[in-house]
Amino acid sequence: MRLLLFTTFGITLLYAALPGQAQQAAADTSAYRLQLREVVVTATRTEKALTEVPIPVTVVSKAQIRTMGAVRLTDVLGEQTGLTIVADHGRGVQLQGLNPEYTLILVDGEPLIGRTAGTLELSRVAVGNIERVEVVKGPASALWGSEALAGVVNIITQKPQAGTRGEVRLRYGTNRTTDAGGTFNYQHNRLGLTFFGNRYSSAGYSLQPATGEATVPPFASYTGQSRVTYRLDDKTTLSTSGRHFVEKQTNTLTISGGNGQKAQVRLAARQQDFSLNPSLTRSFSDKLLGTLRFYHASYRTRENYTYAADGAPYDASYFHQTFTRPEAQLDWRLHPNHTLTVGGGYLLEAVEATRYDQRQQMRSGYGYVQDDWTPLPGLNLVAGARFDGHSQYQSQLSPKLSGRYQVRPWLAVRATAGRGFRAPDFRQLYLNFSNPAVGYSVFGTHQVREKVAQLAAQGQLALDPATGQPLVNEALLEQASQLTAESSRAYNIGLQADPNEKLRLTVNFFHNDLRDLIETAAVAQKTNGQAVYSYRNVSRAYTQGMEAEARYRLRPGLTLSGGYQYLLAKDRDVLARLAAGSLYRRDPETLETVRLSRADYGGLFNRSRHTANLKLFYDNTARGWSGSVRGVYRGRYGLQDRNGNQILDAANEYVRGYWLWNVAAAKTLRQRYILQAGLDNVLNYTDPANLSTVPGRLYYTSLSVALGRQ
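Just so it is clear, the structure is predicted and the values come from calculations on it, not from any experiment.

In this section: the overall build of the protein chain. Within the protein chain, the regular secondary structure consists of 9 helices and 37 strands. The C-alpha radius of gyration computed for the protein chain amounts to 27 Å, which stays within 12% of the reference 27 Å derived for 710 residues, consistent with globular compactness. Projecting the C-alpha coordinates of the protein chain onto the three principal axes gives extents of approximately 85 × 65 × 55 Å. Considering the protein chain as a whole, with its 710 residues, one finds that 49% of them fall into the buried category.

The next thing to look at is the UniProt feature "domain: TonB-dependent receptor plug" (unreviewed entry) in the protein chain. Mapped onto this numbering, the UniProt entry gives "domain: TonB-dependent receptor plug" (unreviewed entry) at residues 51–152. The span residues 51–152 is 16% helical and 31% strand by assignment, and the distance between its end C-alpha atoms comes to 18 Å.

Further remarks concern a nonpolar patch on the surface. Together, Leu-191, Val-228, Tyr-230, Leu-232, Leu-238, Leu-280 and Leu-292 make up a nonpolar patch on the protein surface, roughly 540 Å² of accessible area in all. Considering each element in turn, the nonpolar patch owes the most residues, 3 residues, to strand S13 (residues 219–233).

With respect to the helices and strands, the residue Thr-178 is situated in strand S11 (residues 177–188). Beyond its immediate stretch of four places on either side in the chain, Thr-178 contacts Leu-170, Arg-171, Tyr-172, Arg-199, Tyr-200 and Ser-201.

A few words now on the pairing of S13. Pairing geometry for strand S12 (residues 191–202) and S13, over 12 bridges, is antiparallel. Each residue of the ladder has a partner; that of Gly-197, found in S13, is Gly-224. Alignment of S13 against strand S14 (residues 236–256), held across 14 bridges, turns out to be antiparallel. Across the sheet, the residue bridging to Asp-233 is Thr-236, located in S14. Between S13 and S14, which pair antiparallel in sequence order, lie 2 residues.

Following the sequence through the fold, Lys-451 ends up in helix H7 (residues 448–457). For the pair formed by Lys-451 and Gly-118, sequence separation is 333 residues and the distance between their alpha carbons is 24 Å. Not counting residues up to four positions away in its chain, the partners in contact with Lys-451 are Asp-357, Asn-432 and Phe-443.

Strand order in the open sheet formed by 5 strands is S3-S8-S9-S6-S7, with mixed pairing between adjacent strands. On the outer flanks of this sheet lie strand S3 (57–61) and strand S7 (110–111), each paired with one strand and no other. The sheet contact formed by strand S6 (residues 103–107) and S7 spans 2 bridges and is antiparallel. The residue of S7 that forms the bridge with Leu-106 is Pro-111.

Among the residues of H7, Val-448, Lys-451, Val-452 and Leu-455 are the ones counted as buried. What you see down the axis of H7 is that its buried residues fit within an arc of 100 degrees, all on one side. Residues of H7 that are buried in the fold lie against strand S23 (432–434), strand S24 (441–443), helix H8 (474–480), strand S26 (503–525) and strand S27 (531–555). Gly-459 sits one or two residues past H7 and shows a positive phi near 75 degrees.

On to the pattern of salt bridges. A side chain with one charge can pair with a side chain of the opposite charge if their charged atoms come near. Summed over the entire model, instances satisfying the criterion amount to 29 salt bridges. Two residues, Arg-293 and Glu-327, come together in a salt bridge whose shortest N-O distance is 2.7 Å. A residue pair is termed long-range when its members are at least 10 positions apart, and Arg-293 in strand S16 (residues 288–307) and Glu-327 in strand S17 (residues 313–335) qualify at 34 residues. The salt bridge partner of Asp-573 is Arg-540, with a shortest N-O separation of 3.3 Å.

The tally for this structure, following the rule as stated, stands at 12 aromatic pairs. Geometrically, the ring pair formed by Tyr-305 and Tyr-314 is edge-to-face, given 6.3 Å between the ring centres and 75 degrees between the ring planes. On the basis of relative accessibility, which here comes to 17%, the residue Tyr-305 falls in the buried class. Geometrically, the ring pair formed by Tyr-658 and Tyr-685 is stacked, given 5.1 Å between the ring centres and 10 degrees between the ring planes.

What follows is about the side chain of Arg-386. Counting through the fold element by element, Arg-386 comes out in strand S20 (residues 379–390). For Arg-386, a relative accessible area of 5% puts it in the buried group. A distance of 3.0 Å separates a polar side-chain atom of Arg-386 from the backbone oxygen of Leu-143. In contact with Arg-386, not counting residues within four places along its chain, are Ser-141, Ala-142, Leu-143, Trp-144, Gly-145, Tyr-366, Gly-367, Tyr-368, Gln-396, Leu-397 and Ser-398.

All right, on to the nonpolar core then. Counting 40 residues, the largest nonpolar core has Ile-65, Leu-77 and Val-133 as its most contacted members. Core analysis: the next-biggest nonpolar cluster, separate from the first, contains 20 residues, Leu-429, Leu-431, Leu-483 and Tyr-535 among them.

So, about the pairing of strand S9 (residues 151–157). The element S9 is extensively covered by neighbouring structure, given that 7 of its 7 residues are classed as buried. Here S9 shows a buried face lined by Gly-151, Val-153, Ile-155 and Thr-157 and a second buried face lined by Val-152, Asn-154 and Ile-156. Pairing of S6 with S9, which is carried by 5 bridges, proceeds in the parallel orientation. Residue pairing in the sheet places Ile-105 in a bridge with Val-153 of S9. For strand S8 (residues 130–137) and S9, the ladder comprises 7 bridges, and the chain directions are antiparallel. Within the sheet, the bridge partner assigned to Lys-137 lies in S9 and is Gly-151.

Cut-off values and rules
Residues numbered from 1 in each chain as written. Predicted model: local features only at pLDDT ≥ 70, side-chain atom pairs only at ≥ 80, totals over all residues. Heavy atoms only, no water. Helix = DSSP H or I, 4+ residues; strand = E, 2+ residues; numbered from the N terminus. Rg over C-alpha atoms; globule rule 2.2 N^0.38 Å. Buried < 20%, exposed > 50% of the residue type's maximum accessible area, 1.4 Å probe, protein only. UniProt positions renumbered as here; feature names shortened; annotations may be inferred. Patch = residues over 30% accessible without salt bridge, like charges linked within 9 Å, V, L, I, M, F, W, Y side chains within 5 Å. Areas by Shrake-Rupley, 256 points an atom, 1.4 Å probe, with all protein chains shown as cover. Salt bridge = Lys/Arg side-chain N within 4 Å of Asp/Glu carboxyl O. Contact = heavy atoms within 4.5 Å. Pairing = 2+ DSSP bridges. Arc of directions from axis to C-beta. Phe/Tyr/Trp six-rings, centres within 6.5 Å; stacked < 30°, edge-to-face > 60°. Polar contact = N/O pair within 3.5 Å; in protein donor to acceptor, adjacent residues only side chain to side chain. Core = buried A, V, L, I, M, F, W, Y, C linked by side-chain atoms within 4.5 Å.

Here is the structure:
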């Protein structure tokens, strides 16, 4: 019955597209041409037509975001080809098989800070004021530095437009989820202003009610974002933007005390981020453009635990990170087909936290250069490099070369090769944490040698029975003290074909060769049987595969699109051990130990070999109807090692593949009121044991009201 309703909805969209075909034809053709001229800024740090960019770039427009009924960035990125939302200390995005810590997340070209174990929680970003989202695939460290090893997601917010207008919006859905907000725009003469405010809250949900624990506890978040522009003269513009986000969350947890008795504690958590970004842009001539930017961001969290019985304190922690960066950039058009970009800046990062001995700082200076050249008609070459000098690890040079050739008017070939890097974070350098309940300790590489010596002096390290000396692995301890940045060499090559105005095809093959991956290592043994951990560079891995997208305009206003990614992601050290015949597994029933072959190895955990999406978008401006049906497939993937050999090799270590289908429909009344209703996860797919972020079927409805002249 559910499937029948879902199919009926899709057929209804197809049927609704039939009338009004003539009315839509002109507008749709115009929209298609506009899309061909769509400009992106993230790939080269300068404005460039999307169809001319030599680097794989995905653009999600404001119109598409609205038709989807999306409210958070997680909703938008989760439906794009080659992107997978994964849960690891928050919901981050996996790009070309690389974990969330390797993708740089920007808002208007400036980085969002506040990652937990490398993951930046994407639901912190509301999408109500987003003009478009640009996703650059492949290493972009040559322009953007650390964390852009896998790629860049740049969220472009609305800029002031002529006139005075605004919009208010209210959405309500399952789990008492409420999204309320509005935008305001003003521009007159030299002054422009935009403002966006949003409140997002939920009563939470539990996928396993019998446990009495909430899978996602209740929360409420608030976002304020603004931009002010002032044109000082015909050639100079001053712009200042800012963002403030606050989220509050409460929960009740059951804990086990040291005597084995259970007790309930209440958690009151708060996280917030704040950023300010003034910039000055001046056109010195029609060939020379200069930009000065200053960016300061702050991220804070605080967690207070109290006993539910009497309100006595149980635990408390805090984290405070700041990021400050002045930067200058010059774009010099040497020739109509030749643009040189030069930039440089200084970065100061600091952190204070419960798990750090004192306030820690990191400083770096950097410079980058890029040459965008079209030597022949149809041939575009972009070469660039960036140098990062850092106070805590060795300097990094990130070169990159990209090219695009228009083979036929409808066919283009593009290729790119480059190097990316990711610097060790504060946790890997300065963490000072000992778990009081379990007994293990984790120290950053700048702390570990001193802390191990202290533990030995206090008699907390186990002794070697043969020598009577503390059980310390000196080789691992030495590796920990020489930690350096992770790096990758990446290659992308693909085709883009537009055989007619209705069809577009893109194919991209990619290979990422990762070196010096950072992993935890046990450097000493404690008397309680637990270990002392730190970090070291050791792992080598690769991800490679292919992604393909097709978009076909079935009728004016009705577009069918699909995407598919095939991915292989493997640890080279594991492959070497398999080749040497030194990896085994033990059958839990027969207790038979067998030697593993390469065919038994499933690759890195949390990667799906097959992912896909299928989307149907409908937009009839004349009649005021729009809607979408979107399906996202994630193939089976390894969740965790269950037989103790530390690799993915057994059937019970996988999570089965699944589809999630979402539908939405909207009606515009009097060109001012938009009524929208939607259903996410139509087939109510859940897997409580393995997928805490899939809550089941979600209904919602919303009303938007446009203010001022449209």
